[in-house]
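Structure at a glance
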Amino acid sequence: MITKIALPWCLTLAIMVTACAGAGTSAASRLPGPSAAGATPTLTSAPATSGCRSSSTPAPVPPGASPQPATGLTVPTGLRVQKIAHIADGPRELAFAPNGDLFVGTDRSNVYIISNAEAAPAAPRIFATVNDAPAAGVTVSMQNCSIYVGTQFGVYQTPYNVGDVTARTLKKIASVRPGGSGDHSTTSVAVSGTTLYASVGSSCNACTESDPTRATIEQMHLDGSAMTPKAIHIRNAIGISVNPGSGALWAGDAGQDSLPAGHPYEFFDDVSAHAGVADYGWPRCEENHLAYQAGANCSSEVAPRVEFPAYETIIGTTFYEPPAAAAHALPSAYRGGAFVAMRGSWHTNASGIAVAPPFVAFVPMSGDSPKTAVNWKTPTTQWSAFLTGFQSANGSRIGRPTGVAVGPQGSLFVADDQSGFIYRIRP
């Protein structure tokens with residue numbers, strides 16, 4: 001059982017920067033005995049340290065192009081959405097450093113940095129290049145002064161001091177997908193306390209996996225050692241994030257295709273709430289212990305806490321807990337809730353229009369419980385649409401949201417891998 005702890009805001013983000021002095025050991029291997037049964041590495045409560053501060057004053061970074069209105073997109077009354085940067089490599093997961101530098105994973109080999117994203121954002125620059133595309137996952141942790149990057153076949157670590165604009169070294173600390181490539185090639189990463197998580201999607205739509213890292217969320221120490229599964233039979237949990245109030249790991253999953261229309265619902269769940277290894281049932285079981293294969297026993301399958309419509313393809317998640325005095329904080333009704341970015345579907349209706357449009361949703365939360373309980377008759381009751389306009393009535397799309405992150409001054413940031421834009425939302 002994961003111990004729930006209070007952590008600094010910076011550990012919540014989909015791209016997390018883990019700041020500490022050294023990198024760890026070489027590639028982790030799966031361990032025999034009790035660890036392989038899913039024992040969670042011990043979490044410790046430690047504040048963000050000043051040891052990750054740069055020893056010298058960083059050189060001034062000139063701002064990039066001025067933020068521009070994001071024409072066609074809609075946010076709730078009283079808020080505005082702006083385009084602050086463009087990255088042609090297909091921006092995916094996002095993570096912040098405490099100084100307001102934004103890190104961006106991509107569909108390709110590069111991880112970018114946008115300095116000063118909360119104020120006058122600098123033009124995106126390459127922070128690191130990993131010869132293991134896609135380098136989609138990124139996270140910052142001030143616990144051990146490191147940045148972690150999730151790629152197709154591994155998790156990489158680089159030492160980090162606040163203000164660094166290029167990676168100093170990159171070391172592969174864990175291996176995933178040893179069985180080779182296939183569907184779902186991204187690896188997302190997140191940190192809670194002294195535990196590093198990596199989500200690894202399935203190799204197929206619906207199959208029995210021979211690669212033990214596939215369709216899992218792996219947990220390990222910050223040096224990549226002692227890697228064991230925390231969740232299994234979870235098809236493609238791209239959107240993982242940590243609730244800063246509790247330290248709990250949450251995951252948004254993209255469900256399988258070729259089931260009855262409108263199923264399975266896609267979900268967002270508190271993985272940490274489940275003792276041992278959480279079994280999400282794929283491909284045998286989905287939703288509320290519902291069997292989708294003849295003879296399947298779904299009695300021990302996890303029934304998730306938050307449900308979304310089928311085919312929405314959850315990519316990014318984050319909890320909204322900015323500092324109390326944040327200059328650009330959203331209205332208080334958003335505090336403590338979760339934002340979930342959905343890339344939309346390729347599934348179409350008889351008119352050729354995608355049945356699941358891209359958008360960003362907001363889920364009101366009370367700690368690690370949604371304020372509205374699951375309604376298993378409909379997946380539309382627990383959330384509200386927050387950022388919309390990506391898909392028109394005729395089915396054309398101007399973008400597809402991916403990563404989401406909260407800046408140190410309270411702005412919400414959203415990546416879009418179709419248009420390449422990074423959006424900033426604030427009052």
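See the structure shown above.
Conventions used here
- Residues numbered from 1 in each chain as written.
- Predicted model: local features only at pLDDT ≥ 70, side-chain atom pairs only at ≥ 80, totals over all residues.
- Heavy atoms only, no water.
- Helix = DSSP H or I, 4+ residues; strand = E, 2+ residues; numbered from the N terminus.
- Buried < 20%, exposed > 50% of the residue type's maximum accessible area, 1.4 Å probe, protein only.
- Contact = heavy atoms within 4.5 Å.
- Areas by Shrake-Rupley, 256 points an atom, 1.4 Å probe, with all protein chains shown as cover.
- Pairing = 2+ DSSP bridges.
- Core = buried A, V, L, I, M, F, W, Y, C linked by side-chain atoms within 4.5 Å.
- Polar contact = N/O pair within 3.5 Å; in protein donor to acceptor, adjacent residues only side chain to side chain.
- Axes fitted to C-alpha atoms, helices over the stretch in contact; angles between N-to-C directions.
- Salt bridge = Lys/Arg side-chain N within 4 Å of Asp/Glu carboxyl O.
- Phe/Tyr/Trp six-rings, centres within 6.5 Å; stacked < 30°, edge-to-face > 60°.
- Lys NZ or Arg CZ within 6 Å of the ring centre and 35° of its normal.
- Disulfide = S-S within 2.5 Å.

Considerations on the overall build of the protein
A tally of regular secondary structure across the protein gives zero helices and 31 strands. A total of 427 residues make up the protein; the buried ones form 58% of that total. Contacts in the protein between residues far apart in sequence, at least 24 positions, make up 63% of those at least 6 positions apart. Summing over all exposed atoms, the protein offers an accessible surface of approximately 14,800 Å²; the carbon and sulfur share of this is 54%.

Some words on the sheet that holds strand β15 (residues 228-232)
Across the sheet, five strands lie side by side as β12-β13-β14-β15-β19; this open sheet has mixed pairing. Each of the sheet's edge strands pairs with one partner strand only, and the pair in question is β12 (187-192) and β19 (278-279). Pairing geometry for β15 and β19, over two bridges, is parallel. Paired with Ile 232 across the strands is Asp 279, a residue of β19.

Some details on the nonpolar core
Ranked by size, the top nonpolar core spans 21 residues in total, and within it Val 81, Tyr 334, Phe 339, Phe 386, Leu 387, Val 414 and Ile 425 carry the most contacts. For this core, the elements supplying multiple residues, two or more each, are β24 (338-342), β25 (359-363), β28 (384-387), β29 (401-406), β30 (412-416) and β31 (421-426). Discounting residues that sit within four places of it in the chain, Val 414 has contacts with Leu 94, Val 360, Leu 387, Pro 401, Gly 403, Val 404, Phe 421, Ile 422, Tyr 423 and Ile 425.

Quick look at the side chain of Asp 270
By the secondary structure assignment, Asp 270 is in strand β18 (residues 266-270). Exposure remark for Asp 270: the relative accessible area of 0% places this residue in the buried category. One polar contact links the side chain of Asp 270 to the main-chain amide nitrogen of Ser 272, over a distance of 3.1 Å.

Examining the sheet that holds strand β4 (residues 91-96)
The strand order across the open sheet formed by four strands is β4-β5-β6-β7, and the pairing between neighbours is antiparallel. The two strands at the open ends of the sheet, each matched to only one other strand, are β4 and β7 (125-129). For this sheet the average axis-to-axis angle between neighbouring strands, irrespective of direction, equals 30°. Examined bridge by bridge, strand β5 (residues 102-106) and strand β6 (residues 110-114) share three bridges and lie antiparallel to one another. Of the residues in β6, the one forming a bridge with Phe 103 is Ile 113.

Concerning unusual backbone geometry
Going from Ala 133 to Pro 134, the amide bond is cis rather than trans, its omega being 0°. A cis amide bond links His 263 with the next residue in sequence, Pro 264, at an omega value of 0°. Summarising the element assignment, Pro 264 is placed in the loop between β17 (249-253) and β18. A positive phi angle is found at Ser 258, which is not glycine, with a value near 65°. Counting through the fold element by element, Ser 258 comes out in the loop between β17 and β18. Classification of Ser 258 by relative accessible area gives exposed; the value is 72%. Even without being glycine, His 289 reaches a positive phi, approximately 60°. Within the secondary structure, His 289 sits in the loop between β20 (285-286) and β21 (290-291).

With respect to the pairing of β25
Burial runs high along β25: five of the five residues are buried. Alternating residues of β25 divide into Phe 359, Ala 361 and Val 363 and Val 360 and Phe 362, and every residue in both groups is buried. Pairing geometry for β24 and β25, over five bridges, is antiparallel. Each residue of the ladder has a partner; that of Phe 339, found in β25, is Phe 362. Pairing of β25 with β28 involves three bridges; the strand directions are antiparallel. When the sheet's bridge partners are listed, Ala 361 is paired in β28 with Ala 385.

Considering the pattern of salt bridges
Enumeration according to the criterion identifies 10 salt bridges in this entry. Ionic pairing is found between Arg 235 and Asp 257, a salt bridge with its closest N-O pair at 3.9 Å. Pair noted here: Arg 235 is in the loop between β15 and β16 (239-242) and Asp 257 is in the loop between β17 and β18, with a separation of 22 residues, a long-range link. A relative accessible area of 7% means that Arg 235 is categorised as buried. The salt bridge involving Arg 343 is made with Asp 417; its shortest N-O contact spans 2.9 Å.

Things to note about the environment of Ala 174
Looking at the element boundaries, Ala 174 is found in strand β11 (residues 171-175). As a C-alpha pair, Ala 174 and Phe 153 span 21 residues in sequence and 8.6 Å in three-dimensional space.

Structural notes on the packing of aromatic side chains
Enumeration over the complete set of coordinates arrives at 17 aromatic pairs. Both rings, one in Phe 390 and one in Tyr 423, keep their centres 6.3 Å apart while their planes meet at 65°; by these two values the pair is edge-to-face. In this pair, Phe 390 is assigned in the loop between β28 and β29 and Tyr 423 in strand β31, connecting sequence segments 33 residues apart. Both residues of the pair, Phe 390 and Tyr 423, count as buried. Three or more aromatic residues joined by ring pairs form one cluster here, namely Tyr 320, Tyr 334, Phe 339, Phe 362 and Phe 386. The positively charged end of Lys 83 is found above the aromatic ring belonging to Phe 421, 4.4 Å away from the centroid.

Focus on the state of the cysteines
Using the criterion set out here, one finds three disulfides in the structure. The disulfide that involves Cys 52 links it to Cys 145, with 2.1 Å between the sulfurs. Between Cys 52 and Cys 145, the S-S torsion sits near -85°, and that sign places the bridge as left-handed. Pair noted here: Cys 52 is in the loop between β1 (16-19) and β2 (68-69) and Cys 145 is in strand β9 (residues 145-150), with a separation of 93 residues, a long-range link. Neither residue differs from the other here; Cys 52 and Cys 145 are each classed as buried.

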